[in-house]
Amino acid sequence: MDNRISDSGVTSTFHFVNYKIDKIDFQLEPMTNNIVCQKQNVDVEFGIAFSNALKFEERENKTFYVSRLQAKVDLFNNKEVLAKGIFSISGIFSTENAFSEEVEQNLIKNQAPAILLPYLRAAITNILASSGFDTVILPLVNIQAAAKTAHIEIESI
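For every chain, the first residue of its written sequence is number 1, and the numbers climb from 1 along that sequence. Where totals are concerned, whole chains, interfaces and linings use all residues; where local detail is concerned, this predicted model gives features only for residues with pLDDT of at least 70, and gives and counts side-chain atom pairs only at 80 or more. Side-chain measures here rest on the full set of heavy atoms in the structure, leaving out hydrogens and waters.

Please explain the pattern of salt bridges as it appears in this structure.
When charged atoms on two side chains of opposite charge get close, those side chains can pair. A pairing counts as a salt bridge when a side-chain nitrogen of Lys or Arg comes within 4 Å of a carboxyl oxygen of Asp or Glu. Counting across every chain of the model gives three salt bridges. As a salt-bridge pair, Arg68 and Asp22 come within 3.3 Å of each other at their nearest N and O atoms. Highlighted residues: Arg68 in strand 6 (residues 62-77) and Asp22 in strand 3 (residues 14-28), separated in sequence by 46 residues. With a 1.4 Å probe rolled over the protein chains alone, any residue whose accessible area is under 20% of its type maximum counts as buried; one over 50% counts as exposed, and the rest are partly exposed. Arg68 gets classed as partly exposed once you look at its relative accessible area, which sits at 27%. Salt-bridge contacts for Lys72 lead to Asp74; the nearest nitrogen and oxygen are separated by 3.1 Å. Looking at Lys72, the relative accessible area reads 45%, which means it is partly exposed. Exposure remark for Asp74: the relative accessible area of 10% places this residue in the buried category. Only DSSP runs of H or I reaching four residues or more are called helices, and only runs of E reaching two or more are called strands; each is numbered from the N terminus.

Here is the structure:
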């Protein structure tokens, strides 16, 4: 990654600009078991899916990228579905100069999803807590390993 040295240390030319949680599709099954179920009896299935990234044309000597992650969460009690949801997040990133294709691929396929995942996990945890599931610990995901098998393309707009 291209870095510049400034008076305060090293500054990156790859910037995380902003993010939005752009999809929350959560369904809580309307049954008594949801109300009386103790958190230690809740099993969690959690999966992540990658989306292709979008690359915007350069403006003001910057190139912009949009990266997106989607997560699927299912909560069970004794193999009975308590709740399920699909959540996604989109983040915008910018670079101040052009990177080699190899560096660009690494930043967008590995680093951008790794930056977005904690925000998505926090949003899901908040929704689950607001739904009465106390603190549900979502599993950590090795984004580097998952990205290696994902077929993420960078599409120019």
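What exactly am I supposed to notice about the nonpolar core here?
A general feature of soluble globular proteins is that nonpolar side chains tend to end up buried together. Only buried residues count toward a nonpolar core, which is a set of Ala, Val, Leu, Ile, Met, Phe, Trp, Tyr and Cys residues joined through side-chain atoms within 4.5 Å. Judged by nonpolar contacts, the single largest core of 32 residues is most densely connected at Val73, Leu75, Ile124, Leu128 and Phe133. Contributions of two or more residues to this core are made by strand 4 (43-50), strand 6, strand 7 (80-95), helix 2 (101-130) and helix 3 (143-149). Ranked by residue count, the leading element in this core is helix 2, at eight residues. We call two residues in contact whenever any of their non-hydrogen atoms come within 4.5 Å of each other. Leave out the neighbours within four places in its chain, and Leu75 touches Val42, Asp43, Val44, Glu80, Val81, Leu82, Ala83, Leu128, Phe133 and Val136.

Even after reading the chapter, I still don't get empty space enclosed by the protein, so can you show me in this structure?
By rolling a water-sized probe across the atoms, one finds the places where empty space is left. Only protein atoms enter the 1 Å grid used here. Points where a 1.4 Å probe fits but cannot escape make up a cavity, open sets with protein on both sides within 12 Å along at least five of seven lines make up a pocket, and a residue lines them when an atom lies within 4 Å of a point. Grid points are joined across faces, edges and corners, and a volume is the space filled by probe spheres set on the points. This model, assessed by the stated rule, comprises one cavity of 30 Å³ or more. Volume-wise, the largest cavity comes out at about 40 Å³. Elements with a contribution of two residues or more to the lining of the largest cavity: strand 6 and helix 2. Here the lining of the largest cavity gets three residues from one element, more than from any other, and that element is helix 2.

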